[in-house]
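Here's the letter readout for the chains.
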Amino acid sequence: MKRLKYLAIALTLVEVILVAALALDVFLARESVSAYSYSPAYYVANSDNIDSSSYGPSTQATYSLDDSYLAERWGVTKIEAPQAWQTTRGDQSIIVAVLDTGISKDNLDLADRVVAEVNFTDSPTSDDLYGHGTHMAGTIVAIAPECRLMNVKVADDMGKCEPSLVARGIIWAVDHGAKVINLSLSLVASPNLEEAVNYAWSQGAILIAAAGNKGGSEPSYPAYYVNCLAVAGTNENNSLALLSSYGDWVDVAAPGFNIYSELPQNQYGYKTGTSAAGAHVSGVAALVFSVAEDSNGNGAINDEVLWAIENSCTPIAADGVGQGLVNAFQAITETVSSPLL
C-alpha cells in the first residue's frame, strides 16, 4: 500500500512539473518577445498567447499516407481528413496564404508548394528563421495536400509583428489570389486590421484566425472580428487544450495540443496552441473550397465554405468553442450533397 501511495504521489509530482514547465516556457517567451503573442504568432501589446514547442530529429517524408503518418498527426485523423480525401485532396488552384514568420525554404515538402511570397518585415529574408510559420504550413498541407501555399511574412525573425503589417499582408494575399488566409496570430484591435479583414471577405476569401492562448474568454484579434472564423484549440480527448482561449465569440474548435509538423532545417516537431488549431481549419477550408459552388448566386463561394465548416462540426462537451470540433469529412459531405444558403 505504501508503494502505491508513493507511486501516486510521484505521478502527481510529474504532472505538476510538466504544467510548471509549460508555464515557465510561456513566461520566458513573454519576457523575450514583449511585442508578440504566439498562439499564434504575434502580438503588439501583451504577449499572452505563446505556443509551446519541442523539436524532433525526424526527417521522414511527410505526405505518405501510411499508418505511421496518421499516428504522428493525430489531429488529421481526429477531424476525419482521410475520409474527406475519398472525395477531394484539395486543388492546385486553391491558394492558402500563411501570414506568419515565413515558410522554410529548405523543406522541400513545403517549398515546392509555395507559389508566391512577400516580406513585410525588416528581416532580410522571407525564409522562416523562427519556426512558427513553417509548422502552420505543414499542418495545412497535411490536410489539403493538393493545395498551394502563399508565404506572407508579417512577423520578423524574433516573432515580432504589428497589426499594420498583418493588414497589409491580408490585402496583398487577396490581391494575389489567396482564397484561404491563415492567421495563426493574436493582436490588439486595430481599425486598419478590421478593414483589411472585411476587404478580404468582400473579395471572396475566408479568414481563419487563432482564438489565442490566454486561457480565458478575453477576445483576441483578428479572431474577434465578424468576418474571421475564430478557432479554439482542443486535445485528443476533445477537451479544451491547455491555455486555449474560449468564449461566445469563438466559432469552432480544432486540434491544438501536441501537434506534429514541419520545422526549419528540414526538421519536425510538436507545438501546442490555437495557432495549430487554426491551421487545421485552414486545411479544411482549402478542401471545401475545391468542391464548393456558388449556390446562392452572390458571385462568391466563401460564404458556402464558411457555412459548410460551421454546420458540420461535431458537438463536444467543452464550453466556449462555438459549433464544436471541425470535421473535414462532414464539411465535404455537406458541400457536395446539399450546399444550402
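Provided above is the structure to which this section pertains.
Novice: Just to check I follow, could you spell out the environment of Ala210 for this structure?
Specialist: Within the secondary structure, Ala210 is located in strand β6 (residues 206-210). In sequence terms Ala210 and Leu185 are 25 residues apart; their C-alpha atoms lie 6.0 Å from each other.

Novice: How should the side chain of His135 be read in this particular structure?
Specialist: As for its position among the elements, His135 is in helix α6 (residues 132-143). A distance of 3.1 Å separates a polar atom in the side chain of His135 from the backbone oxygen of Ile259. Beyond its immediate sequence surroundings of up to four residues, His135 is in contact with Ile259, Tyr260, Ser261, Glu262, Leu263, Gly269, Tyr270 and Lys271.

Novice: Just to check I follow, could you spell out the nonpolar core for this structure?
Specialist: If you look at soluble globular proteins, the nonpolar side chains tend to sit buried side by side. In terms of nonpolar packing, the biggest core is built from 44 residues, with Leu149, Val281 and Ile309 touching the most fellow members. A total of nine residues in this core trace back to one element, the largest contributor, which is helix α9 (residues 274-289). Beyond its immediate chain neighbours, meaning those up to four positions away, Leu149 contacts Ile95, Val96, Val98, Ile103, Leu110, Arg113, Val114, Val115, Ala116, Ala137, Ile140 and Val141. Among the nonpolar cores identified, the runner-up in size contains 43 residues, and Ala155, Ala205, Leu207 and Ala211 belong to it.

Novice: What is the right way to read the sheet that holds strand β2 (residues 95-100) from this model?
Specialist: Strands belonging to one sheet form pairs held by backbone hydrogen bonds; the direction of such a pair is parallel or antiparallel. What the seven strands build is an open sheet, ordered β3-β4-β2-β5-β6-β7-β8; its pairing is parallel. The sheet is open, and its two edges are formed by β3 (114-119) and β8 (252-255), each paired on a single side. For this sheet, the mean angle separating the axes of adjacent strands, direction not counted, is 25 degrees. Bridge count between strand β7 (residues 228-234) and β8: four bridges; the pairing is parallel. Note on β8: the bridge partner recorded for Gly233 is Ala254. Lying over the sheet, α9 contacts β2, β5 (180-183), β6, β7 and β8, oriented at roughly 125 degrees with respect to β7. This element, helix α10 (residues 302-310), spans β6, β7 and β8 of the sheet and lies at about 40 degrees to β6.

Novice: How should I be thinking about helix α8 (residues 191-202) in this particular structure?
Specialist: Working note: α-helix, 3.6 residues per turn, so residues spaced by three or four point in the same direction. The end-to-end C-alpha separation of α8 is 16 Å, in line with the 16 Å expected for 12 residues at 1.5 Å each. Residues Leu193, Ala196, Val197 and Ala200 constitute the buried set of α8. Relative to the axis of α8, the buried residues are bounded by an arc of 100 degrees and lie together on one face. Of the exposed residues in α8, those oriented more than 90 degrees away from the buried face are Pro191, Glu195 and Ser202. For α8, the secondary structure elements touched by its buried residues are α7 (163-175), β5, β6 and β7.

Parameters at a glance
Residues numbered from 1 in each chain as written. Predicted model: local features only at pLDDT ≥ 70, side-chain atom pairs only at ≥ 80, totals over all residues. Heavy atoms only, no water. Helix = DSSP H or I, 4+ residues; strand = E, 2+ residues; numbered from the N terminus. Polar contact = N/O pair within 3.5 Å; in protein donor to acceptor, adjacent residues only side chain to side chain. Contact = heavy atoms within 4.5 Å. Core = buried A, V, L, I, M, F, W, Y, C linked by side-chain atoms within 4.5 Å. Buried < 20%, exposed > 50% of the residue type's maximum accessible area, 1.4 Å probe, protein only. Pairing = 2+ DSSP bridges. Axes fitted to C-alpha atoms, helices over the stretch in contact; angles between N-to-C directions. Expected span 1.5 Å × (residues − 1). Arc of directions from axis to C-beta.

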